[in-house]
Amino acid sequence: MSSLTYDIVDSRIMVGRCLRRSWRDPEAFFTALMLPIILMLLFVYVFGGALRDHGPYVDYVVPGLIVLCAGFGAGTTAVALATDLAGGIVDRFRSMPIRASAILLGQVAASLTRNLLATALVIGVGLGIGWRPTTSVWRWAGALGLIVLFILALSWLAAAVGLLAGGPEAANSFTFVLMFLPYVSTAFVPTDTMPSVLRGFAENQPFTPIIETMRGLWMGHTSTGASTAHEALIALAWTLGLLALSWPAATHLFRRTTTH
Amino acid sequence: MSYTVIAEGIRKSFGAQVVLDGVDLALDRGSVFGLLGPNGAGKTTLVRILATLMRPDSGRATVAGHDLLTDPVGVKGAISLTGQYAAVDDVLTGRENLEMMAGLLHLGRRAARARAAELLAEFDLTDARDRRVRTYSGGMRRRLDLAASMIRRPELLFLDEPTTGLDPRSREQLWGTVRHLAAQDVTILLTTQYLEEADQLADTVGMLTAGRIVARGTPDELKSSLGTEIVRLRFPDARAYQSALAALAPSAGGTGFTIEAADDGALRIDIPTDGSSARLRDLLDLLVATGGSTAAGSPRVSTHRPSLDDVFLALTGTADTAGATPAPRSATRSELAR
């Protein structure tokens, strides 16, 4: 077998290990699955009535929930990596003749899988309770493409955070930040009613253009009034920028933390 | 003579703290080398360097014919590492752990499964194979860790404090396993802070303190460097102790005995002898004659061969370091009635 084949085998085994670990932590797994469902029902049926402005609230809220769940999932990834580093298993892997990058790749690929599952759940439940987005294949492909890119960037960022955190507990606080950031964006309410300082932040933070791009693609119009193409350009700049930073950063940090 | 490891002048510092200060090492093929030292002596750092997990600041080493610095992948292919913290995945089952490691060594799925089953049987884990490692006892975890290291018979096996935290029975069991591995021609680098463990397992011992190997040799060579037999006198009262101390002091002249160690608090004197009954009798006669032994204050006498603890103490002069070692006394020691 060629060395590339070996790299693929190694990475596949690592992904399998990480996913197995995810399924076997019943508490975390249950939370990860329940979170999208409960939040969806909570926002649509508890808050949604009061927030109803232009059409059903579920039409507004789906992209925001996807981003929120991705933030939660990224926290899980950071904790999983920090836990591995705290134990001896990474040392064992590194003393074996396998490519060190497979270890990191395993975590990121597992993170991508978990988060796409959560995204599918949000979309499924949304459709189940009356969300009626576009049926255009191209618009769907665009929205899903952006989600994959966004989750990938967030997963690499999570990996970098997990490496920097120095322990599972510290890594956990990352979840907290990412879970609250979407609230100060256009995820759940338009920015019109926010105080000007908050509004400035909400309109310019990376989650807003990402959410608005999905909204524009699925529903045909954004909530900010800007064109979908405009939001998409900013969203792509943010996600690609984040990916271009977090990927090499995580790789570098991994090498640094494990070879000193 | 062929060597599995040759290391020269290995140095490593973390900031201003020098952890390894020029370590030379040569391990014969198929031997068990015991690297002995207190916590913080640099044992784990040396293992991490030789296992390619860390780069030395300077120095060079060859492991199983591969240069450590220029061919780390070759080194990785020849070694197995069993760490201080059992490096297995405790969320997976024993079987899954072994199959995963076998997969990473590119055995192929069917071969991986077969090898895992073999090792589970060999390391007495077959009954527990489908239980998560989290539910394993300390001894079972270490056995699984060792099994994982033996998926492909390595040329060099690192055992970094393999029995730390194990109960005495599991420790004995693990020692048996290590002997079994050594018999399979695997070169073993064992680090331990238990001198008894090095005595039991190692062909050669190196004593590492403050980043340097201060002594090396077989356990017997190291012990005989302190004389063959130590007579230990424990006195019931300070008066008898002081009399004996005075009688044995160099200033008393011509007794032919020297004091190896004396402890005012414990009223204890250690005297090296050749171990013959004649010498012991001379010593006891001397004590009776000088008031070190009276009907009212007669010392208890025991003899023992110097343990590695004694060697270690003599070399480092710090009781503190060996204090971390609740070393069970060696079996060669015999209690004598007075």
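Residues numbered from 1 in each chain as written. Chains lettered and ligands numbered in written order. Predicted model: local features only at pLDDT ≥ 70, side-chain atom pairs only at ≥ 80, totals over all residues. Heavy atoms only, no water.

J.: How would you summarise the confidence of the model for chain B if you had to cite specific residues and measurements?
T.: On average, residues of chain B carry a pLDDT of 84, and 90% of them reach 70 or more. pLDDT under 50 marks residues 319-338 of chain B. Its contacts with residues more than four places away, or in other chains, come to 34 contacts. (pLDDT = per-residue confidence, 0-100. Contact = heavy atoms within 4.5 Å.)

J.: With reference to specific residues and values, describe the domain arrangement of chain B.
T.: You can read the domains of chain B as domain 1 (3-215) and domain 2 (224-336). Taken over C-alpha atoms, the centre of domain 1 of chain B sits 39 Å from the centre of domain 2 of chain B. (Domains from an automatic or database assignment.)

J.: Which residues make up the environment of D89 of chain B, and what values go with them?
T.: Locating D89 of chain B in the fold gives a position in the loop between strand 6 (79-82) and helix 3 (94-104). The exposure class of D89 of chain B is buried, given its relative accessible area of 1%. When near neighbours in sequence (up to four residues on either side) are disregarded, D89 of chain B contacts R17, R21 and I89 of chain A together with N97 and V133 of chain B. Side-chain polar atoms of D89 of chain B contact the side chain of R21 of chain A, separated by 2.4 Å. (Helix = DSSP H or I, 4+ residues; strand = E, 2+ residues; numbered from the N terminus. Buried < 20%, exposed > 50% of the residue type's maximum accessible area, 1.4 Å probe, protein only. Polar contact = N/O pair within 3.5 Å; in protein donor to acceptor, adjacent residues only side chain to side chain.)

J.: Provide a residue-level description of the nonpolar core, including the pertinent values.
T.: Grouped together as the largest cluster of nonpolar side chains are 69 residues, with contacts concentrated most on F93 of chain A together with L98 and I188 of chain B. I188 of chain B has contacts with L27, S31, V32, F33, L157, L159, V178, L181 and A182 of chain B, leaving out every residue within four places of it along the chain. The next biggest cluster of nonpolar side chains, apart from the first, holds 47 residues, and it includes V58, V61, A78 and W140 of chain A. (Core = buried A, V, L, I, M, F, W, Y, C linked by side-chain atoms within 4.5 Å.)

J.: Summarise the interface of chain B and chain A; cite the residues concerned and give the values.
T.: Every contact between the two is made by 34 residues of chain B and, on the other side, 23 residues of chain A. Together, L53, L104 and H106 of chain B form the three largest contributors to the area buried by chain B at its contact with chain A, with a combined 26%. Scanning the region where chain B abuts chain A turns up six salt bridges. For R48 of chain B, the salt bridge is made with D91 of chain A, and the minimal N-O distance between the two is 2.6 Å. Joining chain B to chain A, the criterion identifies eleven residue pairs in polar contact (both at pLDDT 80 or more). Contributing elements (two or more residues each) for the side of chain B that touches chain A: helix 2 (72-76), strand 6, helix 3 and helix 5 (138-149) of chain B. For the side of chain B that touches chain A, the element with the most residues is helix 3 of chain B, which contributes five residues. In terms of residue class, the side of chain B that touches chain A is built from 17 nonpolar, seven polar and ten charged. (Buried area = accessible area lost by both parts, 1.4 Å probe. Salt bridge = Lys/Arg side-chain N within 4 Å of Asp/Glu carboxyl O. Nonpolar A, V, L, I, M, F, W, Y, C, P; charged D, E, K, R; others polar.)

J.: Please provide a residue-by-residue account of the side chain of T191 of chain B, values included.
T.: Residues and elements named next belong to chain B. Assignment of secondary structure puts T191 in strand 8 (residues 187-192). Of the residues examined, T191 reaches a relative accessible area of 0% and is grouped as buried. Among residues more than four places away in sequence, those in contact with T191 are L35, K43, V47, L159, D160, E161, P162 and E197.

J.: Describe the pairing of strand 1 (residues 3-14) of chain B, listing the residues and the values that go with them.
T.: Residue and element names in this part refer to chain B. Pairing analysis gives nine bridges linking strand 1 to strand 2 (residues 17-28), with the strands arranged antiparallel. Its bridge partner being in strand 2, I10 is matched across the sheet by V23. In this structure, the hairpin formed by strand 1 and strand 2 is closed by a connection of two residues, where G15 is found at a positive phi of approximately 65°. (Pairing = 2+ DSSP bridges.)

J.: So what about the environment of L156 of chain B? Which residues, and what values?
T.: Mapped onto the elements of the fold, L156 of chain B is located in strand 7 (residues 156-160). Contacts of L156 of chain B, omitting those with residues within four sequence positions, involve T4, V5, L27, V63, A78, I79, S80, T187 and L189 of chain B.

J.: How would you sum up the sheet that holds strand 8 of chain B? Please name residues and give values.
T.: Residue and element names in this part refer to chain B. Spatial strand order, 6-7-8-3-9-10: six strands in an open sheet with mixed pairing. Of all strands in the sheet, those bounded by a partner on one side alone are strand 6 and strand 10 (212-217). Sheet twist, expressed as the mean angle between neighbouring strand axes with direction ignored, is 15°. Sheet contacts for helix 5: strand 6 and strand 7; angle to strand 6, the most-contacted strand, approximately 170°. (Axes fitted to C-alpha atoms, helices over the stretch in contact; angles between N-to-C directions.)

J.: So what's going on with the packing of aromatic side chains? Residues and values would help.
T.: All names here are of chain A. Taken as a whole and assessed by the stated rule, the structure comprises 14 aromatic pairs over all chains. Pairing F43 with F47 gives two aromatic rings, centres 5.2 Å apart and planes at 75°, and the pair type is edge-to-face. One end of the pair, F43, and the other, F47, are both in helix 2 (residues 26-51), four residues apart, so they sit about a helical turn from each other. Relative accessible area serves as the criterion here: at 37%, F47 is assigned to the partly exposed category. Ring geometry for F43 versus F188: centroids 4.1 Å apart, planes at 10°, classification stacked. In this pair, F43 is assigned in helix 2 and F188 in the loop between helix 7 (168-180) and helix 8 (196-204), connecting sequence segments 145 residues apart. Every member of this aromatic cluster is reached through a ring pair, and the members are F43, F47, F176, F180, Y183 and F188. (Phe/Tyr/Trp six-rings, centres within 6.5 Å; stacked < 30°, edge-to-face > 60°.)

J.: A description of the sheet that holds strand 4 (residues 58-63) of chain B should follow, citing residues and the corresponding values.
T.: Taken in spatial order, the four strands of this open sheet run 2-1-4-5 (chain B), and their pairing is antiparallel. Each edge of the open sheet carries a strand with a single partner, namely strand 2 and strand 5 (66-67) of chain B.

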